[in-house]
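So the chains spell out like this:
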Amino acid sequence: MDAKAIVQHPAELKPPPRPRLVKLLPSNIGGPLIGLVLLVLVFSFSSEFFFSLRNGLNILDQVTVLGILAIGMTAVIVIGGIDLSVGSVLAFSMMMLGWLYQDQAVPLGLAIPISIATGMLAGLVSGGLITYAKLPPFIATLTMMSVARGLANILTEGRQVVGYPEWFTSLATVRHFGFLSATVGLFLVMLVLAWVFLRFRAGGRNLYAMGGSPEVARLSGIKVRAITLWVYAISGALAGIAAVTLAARLDSSQPSAGLSLELDAIAAVVIGGASLNGGVGSIGGTLVGVLIIGVLRNGLNLLGVSPFIQQVVIGVVIALAVTIDTLRRRSSTAR
């Protein structure tokens, strides 16, 4: 047989084009999304109050603070880092807001940006410890977690600040168009902006390159040190925004706020398909992870499950997510 007869035309070897919509979805989001749907179905049949518009809006309200923290945590984990300080930075920023407003008589319109800047400054310090002092991210952010929590208590000597103006608390309580509060709207806008940045902007692609191999990224001209510094600064600023959001919702500032929220944020990102080794992660996956945690907590509360058992359940879910990520990476390496 003529050799030319068995050689396929290049056009025949080309794989069929994928739909454009599929290209917009991360390949590792399918499993978490299926898990979220299954959770919704299980709780819908288990509780008559779960599958309702009112409860759905409650879940959105409940996950807003966690979701804002998880956006910053996504960027941190994508570059191969970790941030254990965001819960404490949230408390520090929250107390800064209350201390400025009530103790120092600073107008709330000015106290809000100062409290957000406080969170950014804390993130800059963490980033500086990592990039200049060469501390591991775990140690640097663990240090900031302790310092920020201590400062949160020092500002008001451990007492909470209560009583904000009605216009401020209405940001979290008044539903515009019958369903959307200003804080939830802010969270959704931030999600879209973060998704566009990570998916379509060169700066977002640089984060993935750094997570894949910091040295290769540096040799290719990416300013690894500067980008790392600003990723942690942005994570801190988002913790400040989350602090303002939580203060509006609670109508108070509490030094104990944000306890374990850093673990929930990490869990949401990992459950959403991100790899703790860096280089893998998406805003869409993070949103699914945040919703999984929110649905789990809400559904278990409706069923009257103890908060201690809820911690066990969420811990098991995190372990499963990390195990699946490990198996997926091993499978891709084997190929």
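Residues numbered from 1 in each chain as written. Predicted model: local features only at pLDDT ≥ 70, side-chain atom pairs only at ≥ 80, totals over all residues. Heavy atoms only, no water.

Trainee: Help me understand the overall build of the chain in this model?
Mentor: Along the chain, the regular secondary structure elements total 16 helices and four strands. Here the chain holds 335 residues, and the buried ones make up 45% of them. Taking the contacts inside the chain whose residues are at least 6 apart along the sequence as the reference set, 79% of them involve residues at least 24 apart. For the chain, the computed accessible surface area is about 17,200 Å², with 68% contributed by carbon and sulfur atoms. (Helix = DSSP H or I, 4+ residues; strand = E, 2+ residues; numbered from the N terminus. Buried < 20%, exposed > 50% of the residue type's maximum accessible area, 1.4 Å probe, protein only. Contact = heavy atoms within 4.5 Å. Areas by Shrake-Rupley, 256 points an atom, 1.4 Å probe, with all protein chains shown as cover.)

Trainee: How should I be thinking about the packing of helix α5 (residues 53–78) against helix α13 (residues 224–250) in this particular structure?
Mentor: The description of two helices packed together rests on the angle between their axes and the distance between the axes. Packing of α5 against α13 brings their axes to within 8 Å, and their N-to-C directions diverge by 175°. Between α5 and α13, the crossing angle belongs to the class labelled roughly antiparallel. Contact with α5, carried on its side by Asp 61, Gln 62, Thr 64, Val 65, Ile 68, Leu 69, Ile 71, Gly 72, Ala 75 and Val 76, involves Val 231, Tyr 232, Ser 235, Leu 238, Ala 239, Ile 241, Ala 242, Thr 245, Leu 246 and Arg 249 of α13 and no other residues of that element. Split by residue class, the contact of α5 with α13 holds 13 nonpolar, five polar and two charged. (Axes fitted to C-alpha atoms, helices over the stretch in contact; angles between N-to-C directions. Parallel < 35°, antiparallel > 145°, perpendicular 65-115°, else oblique. Nonpolar A, V, L, I, M, F, W, Y, C, P; charged D, E, K, R; others polar.)

Trainee: Sorry if this is basic, but what is going on with the UniProt feature "transmembrane region" (unreviewed entry) in the chain here?
Mentor: The UniProt entry lists residues 21–45, 65–93, 105–132, 138–156, 177–198, 229–248, 269–296 and 308–327 under the feature "transmembrane region" (unreviewed entry), expressed in the numbering used here. Within the segment residues 177–198, helix and strand shares are 77% and 9% respectively, and the terminal C-alpha atoms sit 30 Å apart. (UniProt positions renumbered as here; feature names shortened; annotations may be inferred.)

Trainee: Can you walk me through a nonpolar patch on the surface in this structure?
Mentor: A contiguous nonpolar surface patch, about 630 Å² in accessible area, is contributed by Leu 33, Ile 34, Val 37, Leu 38, Leu 41 and Phe 45. Counting through the fold element by element, Ile 34 comes out in helix α4 (residues 30–46). Accessibility expressed as a relative area gives 53% for Ile 34, which makes it exposed. (Patch = residues over 30% accessible without salt bridge, like charges linked within 9 Å, V, L, I, M, F, W, Y side chains within 5 Å. Salt bridge = Lys/Arg side-chain N within 4 Å of Asp/Glu carboxyl O.)

Trainee: Which parts of the structure should I look at to understand helix α9 (residues 166–173)?
Mentor: Owing to its 3.6 residues per turn, the α-helix brings residues three or four apart onto one side. Buried within α9 are the following residues: Phe 168, Thr 169 and Ala 172. The arc enclosing the buried residues of α9, seen along the axis, measures out at 90°, which places them on a common side. Projecting away from the buried face of α9 at angles above 90 degrees are the exposed residues Glu 166 and Thr 173. (Arc of directions from axis to C-beta.)

Trainee: What exactly am I supposed to notice about the environment of Gly 123 here?
Mentor: Residue position: Gly 123 is located in helix α7 (residues 108–131). A relative accessible area of 6% means that Gly 123 is categorised as buried. It is 7.2 Å that separates the C-alpha atoms of Gly 123 and Ala 237, two residues lying 114 residues apart in sequence. Not counting chain neighbours up to four residues away, the residues in contact with Gly 123 comprise Tyr 232, Ala 233 and Gly 236.

Trainee: Please explain the packing of α9 against α13 as it appears in this structure.
Mentor: For the pair α9 and α13, the least separation of the axes is 7 Å and the interaxial angle reads 100°. Here α9 lies roughly perpendicular to α13, going by the angle between them. Seen from α9, the contacting residues are Phe 168, Thr 169 and Ala 172; seen from α13, they are Val 244, Ala 247, Ala 248 and Arg 249. Of the residues belonging to the contact of α9 with α13, the class tally is five nonpolar, one polar and one charged.

Trainee: Looking at this structure, I do not really get the confidence of the model for the chain. What am I missing?
Mentor: Residues shown with low pLDDT carry predicted positions that ought not to be read at fine detail. Across the chain, the average pLDDT comes to 87, with 89% of residues at 70 or higher. Overall, residues 1–25 carries pLDDT values under 50, and its contacts beyond four positions in sequence, including any with other chains, amount to seven contacts. (pLDDT = per-residue confidence, 0-100.)

Trainee: Sorry if this is basic, but what is going on with the side chain of Ser 93 here?
Mentor: Considering the arrangement of structural elements, one finds Ser 93 in helix α6 (residues 86–103). By relative accessible area, Ser 93 is classed as buried at 1%.

Trainee: Where do I start with the environment of Val 313 in this structure?
Mentor: Positionally, Val 313 belongs in helix α16 (residues 307–334). Classification of Val 313 as partly exposed rests on a relative accessible area of 26%. The sequence separation of Val 313 and Leu 296 amounts to 17 residues, and the corresponding C-alpha distance is 8.6 Å. Here Val 313 is in contact with Leu 296 and Leu 300, once residues within four sequence places are set aside.

Trainee: Which parts of the structure should I look at to understand the layout of surface pockets?
Mentor: Empty pockets left among the atoms are what a rolling probe the size of a water molecule brings to light. Approximately 740 Å³ is the volume attributed to the largest pocket. The set of elements that each furnish at least two residues to the lining of the largest pocket consists of α5, α13, α14 (261–271), α15 (283–302) and α16. Sort the elements by how many residues they give to the lining of the largest pocket and α16 lands first, with seven residues. The residue inventory of the lining of the largest pocket, partitioned by class, reads 18 nonpolar, 10 polar and three charged. (1 Å grid on protein atoms, 1.4 Å probe; cavity = no way out; pocket = protein on both sides within 12 Å on 5 of 7 lines; lining within 4 Å. Points joined across faces, edges and corners; volume = space filled by probe spheres on them.)

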